[in-house]
Every structure is written in structure tokens, then in C-alpha cells.
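# Close look at the chain arrangement
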Amino acid sequence: MTKKVTKAVFPVAGLGTRFLPATKSIPKEIMTLVDRPLIQYAIDEARAAGIKEFIFVTSRGKSALEDYFDHAPELESALRKKGKDDLLEVLKDTNMDSGAIAYVRQNRPMGLGHAVWCARRLIGNEPFAVLLPDDVIAAEKSCLAQMVEAYEQTGGNMVAAMEVPPPKASAYGVLDIAEDMGTIVRAKGMVEKPKAEEAPSNLAVIGRYILSPKVLTNLNRMKQGAGGEIQLTDAIAEEIGEGGSGVYGYRFRGQRYDCGSKAGFLQATVAFGMARDDLRDEFSAYLHDTLAQQKAAQ
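Residues numbered from 1 in each chain as written. Predicted model: local features only at pLDDT ≥ 70, side-chain atom pairs only at ≥ 80, totals over all residues. Heavy atoms only, no water.

## Focus on the packing of helix H3 (residues 73–81) against helix H4 (residues 85–92)
With their axes 8 Å apart at the nearest point, H3 and H4 run at an angle of 155 degrees to one another. Overall, the two elements H3 and H4 adopt an arrangement that is roughly antiparallel. Taking contact as the criterion, the partners of Leu75, Glu76, Leu79 and Arg80 in H3 are, on H4, Leu87, Leu88 and Leu91. (Axes fitted to C-alpha atoms, helices over the stretch in contact; angles between N-to-C directions. Helix = DSSP H or I, 4+ residues; strand = E, 2+ residues; numbered from the N terminus. Parallel < 35°, antiparallel > 145°, perpendicular 65-115°, else oblique. Contact = heavy atoms within 4.5 Å.)

## Focus: the confidence of the model for the protein chain
On average, residues of the protein chain carry a pLDDT of 90, and 97% of them reach 70 or more. Per-element mean pLDDT across the protein chain ranges from 85 in helix H2 (residues 63–68) up to 97 in strand E6 (residues 128–131). (pLDDT = per-residue confidence, 0-100.)

## A word on the side chain of Lys28
Mapping Lys28 onto the fold places it in the loop between strand E1 (7–11) and strand E2 (32–33). Owing to a relative accessible area of 11%, Lys28 belongs among the buried residues under this scheme. (Buried < 20%, exposed > 50% of the residue type's maximum accessible area, 1.4 Å probe, protein only.)

## Observations regarding the nonpolar core
One finds Phe10, Ile39, Phe54, Phe56 and Leu144 to be the most contacted residues of the largest nonpolar core, which totals 39 residues. Elements represented by at least two residues in this core include exactly E1, helix H1 (38–48), strand E4 (53–58), E6, helix H7 (143–154), strand E8 (157–163), strand E11 (203–211) and strand E12 (247–251). Per element, the largest residue contribution to this core is 7 residues, and it comes from H7. Not counting residues up to four positions away in its chain, the partners in contact with Phe54 are Ala8, Phe10, Ile43, Ala46, Arg47, Met96, Ala100, Ile101 and Ala102. Among the nonpolar cores identified, the runner-up in size contains 32 residues, and Ala119, Val130, Leu211 and Ala235 belong to it. (Core = buried A, V, L, I, M, F, W, Y, C linked by side-chain atoms within 4.5 Å.)

## Here's the deal with the packing of helix H10 (residues 262–274) against helix H11 (residues 280–297)
It is the contact of H10 with H11, at a shortest axis distance of 8 Å, that shows an interaxial angle of 135 degrees. One finds that H10 runs oblique with respect to H11. Counted together, Thr269, Val270, Gly273 and Met274 of H10 and Arg280, Phe283, Ser284 and Leu287 of H11 form the full contact between these two elements. The residue makeup of the contact of H10 with H11, split by class, is 4 nonpolar, 3 polar and 1 charged. (Nonpolar A, V, L, I, M, F, W, Y, C, P; charged D, E, K, R; others polar.)

## Digging into the packing of aromatic side chains
This model, assessed by the stated rule, comprises 8 aromatic pairs. Aromatic side chains Phe10 and Phe56 sit 4.9 Å apart centroid to centroid with 15 degrees between the ring planes, which places their arrangement in the stacked category. One end of the pair, Phe10, is in strand E1; the other, Phe56, is in strand E4, and 46 residues separate them in sequence. Each member of the pair, Phe10 as well as Phe56, is classed as buried. Taking 5.2 Å as the distance between ring centres and 75 degrees as the angle between the ring planes, the aromatic pair formed by Tyr41 and Phe272 counts as edge-to-face. Here Tyr41, found in helix H1, pairs with Phe272, found in helix H10; they are 231 residues apart in sequence, far enough to count as distant. A relative accessible area of 13% means that Tyr41 is categorised as buried. (Phe/Tyr/Trp six-rings, centres within 6.5 Å; stacked < 30°, edge-to-face > 60°.)

## Here we look at the environment of Val12
Here Val12 shows up in the loop between E1 and E2. A sequence separation of 15 residues divides Val12 from Pro27, and the C-alpha atoms of the two residues are 8.5 Å apart. Sequence-distant contacts of Val12, that is, excluding residues within four places in its chain, are made with Glu29, Ile39, Phe56, Val57, Thr58, Lys62, Leu65 and Pro133.

## Remarks on H1
Helical geometry note: an α-helix holds 3.6 residues per turn, so side chains three or four residues apart project in the same direction. The buried fraction of H1 is high, at 8 of 11 residues. Here H1 has its buried residues at Leu38, Ile39, Gln40, Tyr41, Ala42, Ile43, Glu45 and Ala46.

## Thoughts on the environment of Arg18
Structurally, the position occupied by Arg18 is in the loop between E1 and E2. Residue class for Arg18 comes out partly exposed when judged on its relative accessible area of 49%. On a C-alpha basis, the gap between Arg18 and Lys28 in space is 9.4 Å, while along the polypeptide they are 10 residues apart. The residues touching Arg18, leaving out its near neighbours within four places in the chain, are Gly260, Ser261 and Lys262. Here Gly260 takes part through its backbone oxygen, which lies 3.0 Å from a polar atom of the side chain of Arg18. (Polar contact = N/O pair within 3.5 Å; in protein donor to acceptor, adjacent residues only side chain to side chain.)

What follows is the structure in C-alpha cells.
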């Protein structure tokens, strides 16, 4: 029987240079998608999957991110006096209980694998999840909740996976498939950012993982991979084959948006805006008019 996954790591130490100048003064993870920061979507997804302990790997300049999850007594008091109970209810999701959240520092940018390794003492000898806030996934059941259900059957290590156009495979970690069981695939290899013509498949790994603590032992060797960084993909791949705990890809149900890119962030803004009952009509009319004006101008 597999151990329950109750801990999650959120690597949030990046500088967010693709969103400069905004990220000069605010962490990328609290940039708002409609009216909620990116990190809130990741936290909500983790909560829906039964996560109880939240570990943030941060860096210098991320104090606003830490403050976001704290209580705001003055704001709450002002809203209460004005009878704005609906907004008080909204704030509840942003508060974390004392002891539920922990922060560790990554003092040098050495890759995703290194960021996860920084949290090793807080993870201990338990399976754990990793969520990359840049990947926002719209799904009826949260992506991580889907994976937790599947993991209870497979054990080992599990990565969220989706098909990508072959020319784009070089931007991802890619699975080499040993057995395709539909929703779940068993991997015989993983390659980080292969050349398009050398990719073993078009099944790419995206920012959701459930990992065995053995992966931390692999990361402890500090082996450099693609780009001279310590790659999480490489440490996971070591669990494939004899003596390893196995690696599975999970084709999740939902739509993933790459909010680490400007185009992806804009696409997510439109999609999430159109999904909101309080915004849909006005926003849809604006988009329709804008497209009509552009077409007429052409």
C-alpha cells in the first residue's frame, strides 16, 4: 500500500525575467490571473488533492509572496465594518494555518532539481508532490487530485504528461514509453529538452510530479545535466529500471496554460475570464468588438 501524499514543494525562486519590468518589484508568482495570483491556483489545486504541508523554495526578493499567505487583520477589520462579507470569504482561501507553510531558500539558481533538493529536510522519507505555479491547469477535478488517485494504484514516481507537437518537444522533458495503458504510461526513459529529431516521443512532462524520497538521494549526487543545471528529470529517470521504484506518466484531464510565457499568460487570462459568470458577457462582447474592428481594419 502506498503512503499518502500530504507534502508539496513549490519551487518559486526564479527571477521571472520574461515578465520584466513587472517582476523587478513583485514576484512573478503573485501576478494576477483575473483576480487571483498564480500561486493561489497552485495552492488550491494542492489542497483539493489532500496536501496538508506546503513547502516553498524561495530566494531573495520574495517577501511579498510570503506575506500574501499571512492574515491581514486591518484589511479584514475594515471589510467587516463595511459589511463586505463576500470579500471576507474570498480572503479565507489566502490564509494558511500556522505551521502549514514553510519556506527554504535557494541561494543560487542551479535548476529545478536543486530547488527540490533544497527542501529535502522538510520532506524527510515520504512521497511528495511538486507543483510549478507557471503551469496553470483548468480541470473539473484538479490535476494533482487525478494524479494522487492514479498514484495509489501504481506507486513509484508519477509525472503529469501531455502530447505536444514534435517540433516543440525540445522545450520539455520527454518520456520514452515502455507501455502505453491509455491514461497511464510506464516509462523506460526520460530525456530533458531533446533535439526535436531525437525525442523518443511527443509525450512531454509538465509541472506536476508525485515523487519517491529516493529521488532526493539521486539529487544529492549533484549531477549536472542539460544547461549545466541539476535537472529534476535526470533524478527521476534514475528510478527507471532494475532497483528503481518506477516512473509513470499520467495523461491528465484538463487544459494546461503556460503562464511562464507572455502568450500563455494572456491565453489563460482570456480562458479564465470567459469561464467567470460575472465577467463572461461583458468580456465576450469586448473581444467580439475588438476582433471585428481588427478584421475591418485589414
